[in-house]
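# Working through the structure, step by step
The lines below spell out each chain.
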Amino acid sequence: MHDGESVSSVSSASSESGDARPYGANRDEPPVETPESYGVFRDQWGIPHLRASDELRLVHAQGRITAFDRAWQLEVERHRSEGSSASFLGADAVTWDRFARQSRLADTARRCYEAMEADDPATAAWVRAYVDGVNDGLAAGAARDERFARTGLTPTPWEPWVPLAIWIATHILFAGFATKLWRERVARALGDEAVTLFATDGPGTAGSNGWLVPGDRTTTGSAIIAGDPHRFIEDPGVYQQIRLSCPEYDVLGLAVPGVPGLGHFGHTGTAAWAITNAMSDYQDLYVEQLRRDDDGATWALGADAAWEPVSRHVETITVADGDDVEVEVLETPRGPVIIHADGDLGADADAEAHADGSTQTLSLRYPPRVRLDLGFAALPALLRARTVADIDRAFDGWAEPVNVVHAADSEGGLLHRVAGAVPLRHRTNRLRPVPAWDPQHAWQGWAPTPAEPVQGFAVMANARGIASPLGVEFAPPHRADRIRELLSGSADWSPKAMADVHRDTHLASAAPLLALLPGFEDLTPAAQALRTRLLAWDRHMAADSTDATVFSAFRSATVRRFAADPVFEGLWGAPTGPAVFHPWLYLVPRIGYALEGLLTTSLVPGLDRAAHVRAALEETAAAETPDTPWSEVHRLTPWQAVPDQEATDWPGLGGDHDCVNATSTVPGFTDLTARASAARYVWDLARREDSLWAVPLGADGVTGSPHHRDQLPLWARCELVPVVTDWAQLTKESI
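Worth saying up front: this structure is predicted, and the values here are computed from it rather than measured. (Residues numbered from 1 in each chain as written. Predicted model: local features only at pLDDT ≥ 70, side-chain atom pairs only at ≥ 80, totals over all residues. Heavy atoms only, no water.)

## Overview of the overall build of the chain
Of regular secondary structure, the chain possesses 22 helices and 25 strands. In terms of C-alpha radius of gyration, the chain reaches 26 Å, essentially the compact-globule figure of 27 Å for 735 residues. Summarising its shape, the C-alpha atoms of the chain cover approximately 80 × 75 × 50 Å along the three principal directions. Counting every position in the chain, which comprises 735 residues, the buried fraction comes to 60%. (Helix = DSSP H or I, 4+ residues; strand = E, 2+ residues; numbered from the N terminus. Rg over C-alpha atoms; globule rule 2.2 N^0.38 Å. Buried < 20%, exposed > 50% of the residue type's maximum accessible area, 1.4 Å probe, protein only.)

Next up, the structure:
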């Protein structure tokens, strides 16, 4: 692949040419090239650095190199967005495919792209150039990856709207509308006053850490932006390290494979940005009352008792080594029907038949389908940004998903704001499914997005704060508070020192559980010894800590005992309805993540907390949990579309759900982790070449390639690799 050509000679020629393009130091400037060509270069980690004579050729190069490096990942994501992944992954993928079709992900993407072609042809052409690049690189990329032959998958050309479909599919569950199904179940079992009893950062959400340190607290006098997005870890990784350079800009950052540009995290040389999930609520579930006429026409009850037409058609999911599955696709004026009334909702939902023959079911209303806008115009605008003001303007057009943004520039500009489309509507819409026929639950425009001045430093970690007016449930404050505490400990922060923040394992959420232990009397000797040990523990979920392992066992025993309490009997049943929503509907994980609140709430007076905690202490002591380092039981388990049977040596990790090093377990169920930092970054606004980054696996998506997993050991230790900006340190590649 590599032709071994050093770029030092052409780089030097460019530096001496007097070119005044705004790339920072001369050594960072890309070599001069002919208009009809572009160049692909790699650093020692295999990270692609792309240069081209204009931005359309550059985004074409981004699509092509992404397809070359990650053809399997791109095709998996395309098929998932279209609801056709079962055609090569088999019956296990039908659950997702059914949801993708019923929620109309691909159709929404097509409509958004058509609207973009009409209203913003320049951005549409930019996206189309990326897709052309993907199509140019797919065949060569597929030839590198044996999973295509193993599954019988043959790449097919992408349509221009596919990047939009991947974006929607990636983020459709970000706002956690499925939590409304859980709250409805809780309200039915425990009463309306308990609807938010389990409020916390639940098992299906995606969180992040982010912090912005102004120049008066750094060693260089310029700002530093750092953080890490928390997602389910996938193989290949969900973020792609990449650099994009043309005469208009030279930007490096983390791309979403299959989507052009650098939407979430980027550094232009003079300005940088990063995001976290704002935890806003911007998707609604409507209880729909439907009826079918004898001629097959379907109607939904709307405002003023008016029956409104419902679109209906049937699609077929092809299943590898299985029978085809037919899917009825319905859409009311509110949105696509994602849960049907033919038993999908089970006993926990209002799916009864009415005297007139109508039934009830649930539709989903989400902004991209209403607005026909994903905010893709922000993506090329961010690449061109030179200042915080440029970034701020770009994010004015951001739509999906709703994020908190940090940004800074080399002139001292700072930004802390929310970006995205949140509908204005009745408060109940945010809590649970609402009746479609009640006009008070209609959307009434769009909420303003808050912004705050940066004072001291800014932290974003999914907790209540700047985005509070836009959401219901947020992450506990522990990660945000801990980051503030760590940042307050120094006024001389450097990029390298930020790794210490990334790797912090202090677990503040352990406090309420441990606080009950001193009050227990008449414990067995083994339980007394365990209590003494736990109270002496430093509360760090460090990789080498045996106390962390013992605490996790004690916490899990407590969760299971809480879950077995008769007060929760109405929630004991297995989840019903579409399996795609089941992660939000299991009682044990819900208690595990809400344990801190359940230990102190007054909403369930019949719950004997002390008795359960005491019994869990005795149970853990009697089990004689071995002195095993936390990292031996707390191991990474990434998702793979086709499991690699030989990849069994995934590393052990430090951290836990509420640690800054957020490596989530499911208390009461498993110590393994499937969700953690999908990337880590440190953006230095003084010298971009002093920035740092890392991803869980590597730059290449092909199993067994040299750069497929070369960053994994570093990532597991919360170490980062240097960002390379000197073109003379790169190797040119021929593809």
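Read on, since the account is not over.
## Description of the nonpolar core
Judged by nonpolar contacts, the single largest core of 181 residues is most densely connected at Phe-198, Phe-551, Phe-554, Phe-568 and Phe-581. If we ignore the near neighbours within four places in the chain, the residues touching Phe-568 are Leu-190, Leu-197, Phe-198, Phe-562, Ala-563, Leu-587, Ile-591, Leu-598, Val-604 and Leu-607. Among the nonpolar cores identified, the runner-up in size contains 20 residues, and Ala-226, Ala-463, Ala-499 and Val-501 belong to it. (Core = buried A, V, L, I, M, F, W, Y, C linked by side-chain atoms within 4.5 Å. Contact = heavy atoms within 4.5 Å.)

## Some remarks on the environment of Ala-223
Topologically, Ala-223 is positioned in the loop between β4 (208-213) and β5 (224-232). Exposure remark for Ala-223: the relative accessible area of 5% places this residue in the buried category. For Ala-223, the residues in contact, after removing those within four places along its chain, are Val-213, Pro-214, Gly-215, Ala-408, Leu-414, Trp-683, Asp-684 and Leu-685.

## Quick notes on helix α12 (residues 388-396)
Of the positions making up α12, those classed as buried are Val-388, Ile-391, Ala-394 and Phe-395. One face of α12 carries all of its buried residues, which in axial projection span an arc of 120°. Facing away from the buried side of α12 by more than 90 degrees, the exposed set consists of Arg-393 and Asp-396. Its buried side turned inward, α12 meets β9 (271-277), α11 (378-383), β16 (403-409) and β17 (414-419). (Arc of directions from axis to C-beta.)

## Let's talk about the pairing of strand β22 (residues 680-684)
The buried fraction of β22 is high, at five of five residues. Neither face of β22 is exposed, since Arg-680, Val-682 and Asp-684 on one face and Tyr-681 and Trp-683 on the opposite face are all buried. With four bridges connecting them, β5 and β22 associate as antiparallel partners. Following the sheet pairing, Gly-227 is matched in β22 by Tyr-681. (Pairing = 2+ DSSP bridges.)

## Structural notes on the pairing of strand β3 (residues 48-52)
Of all five residues that make up β3, five are buried, and the element is covered over most of its length. Residues of β3 alternate between two faces, with Pro-48, Leu-50 and Ala-52 on one and His-49 and Arg-51 on the opposite face, all of them buried. Judged from the five bridges that link them, strand β2 (residues 38-42) and β3 form a sheet pairing that is antiparallel. Within β3, the residue paired with Arg-42 across the bridge is Pro-48. Hairpin connection from β2 to β3: five residues lie between these consecutive antiparallel strands, with Gly-46 at a positive phi of about 80°. Bridge count for β3 against strand β6 (residues 240-246) is three bridges, and the pairing is parallel. Residue pairing for β6: Leu-50 is matched across the bridge by Leu-244.

## A word on the environment of Val-580
Along the chain, Val-580 turns up in the loop between α18 (546-563) and α19 (587-598). Once the C-alpha coordinates of Val-580 and Gly-335 are considered, the two residues, 245 residues apart in sequence, prove to be 18 Å apart.

## Overview of unusual backbone geometry
Residue Pro-236 follows Asp-235 across a cis peptide bond; omega there is 5°. For Pro-236, the position within the fold is in the loop between β5 and β6. With an omega of -5°, the peptide bond running from Glu-400 to Pro-401 counts as cis. Tracing the sequence through the fold places Pro-401 in the loop between α12 and β16. In this model, Asp-304 sits at a positive phi of 60°, which is unusual for a non-glycine residue. Looking at where Asp-304 falls in the secondary structure, it is placed in the loop between β11 (298-301) and β12 (307-317). Here Asp-321, not a glycine, exhibits a phi torsion of approximately 60°, which is positive.

## Some remarks on the pattern of salt bridges
Side chains that differ in sign of charge can pair as their charged atoms come close. The tally for this structure, following the rule as stated, stands at 48 salt bridges. For Arg-42, the salt bridge is made with Glu-733, and the minimal N-O distance between the two is 2.9 Å. Linking Arg-42 in strand β2 with Glu-733 in strand β25 (residues 731-733), this pair joins segments that are 691 residues apart in sequence. Both residues of the pair, Arg-42 and Glu-733, count as buried. Counted as one network, the salt bridges with shared partners bring together Arg-104, Asp-107, Arg-111, Glu-331 and Arg-369. (Salt bridge = Lys/Arg side-chain N within 4 Å of Asp/Glu carboxyl O.)

## Focus: the packing of helix α5 (residues 105-119) against helix α6 (residues 121-143)
Across the interface, α5 lies against α6 with an axial gap of 6 Å and an inter-helix angle of 125°. Classed by the angle they form, the pair α5 and α6 counts as oblique. Within the contact between the two elements, α5 uses Tyr-113, Met-116, Glu-117, Ala-118 and Asp-119 and α6 uses Pro-121, Thr-123, Ala-124, Val-127 and Arg-128. Residue classes in the contact of α5 with α6 are distributed as six nonpolar, one polar and three charged. (Axes fitted to C-alpha atoms, helices over the stretch in contact; angles between N-to-C directions. Parallel < 35°, antiparallel > 145°, perpendicular 65-115°, else oblique. Nonpolar A, V, L, I, M, F, W, Y, C, P; charged D, E, K, R; others polar.)

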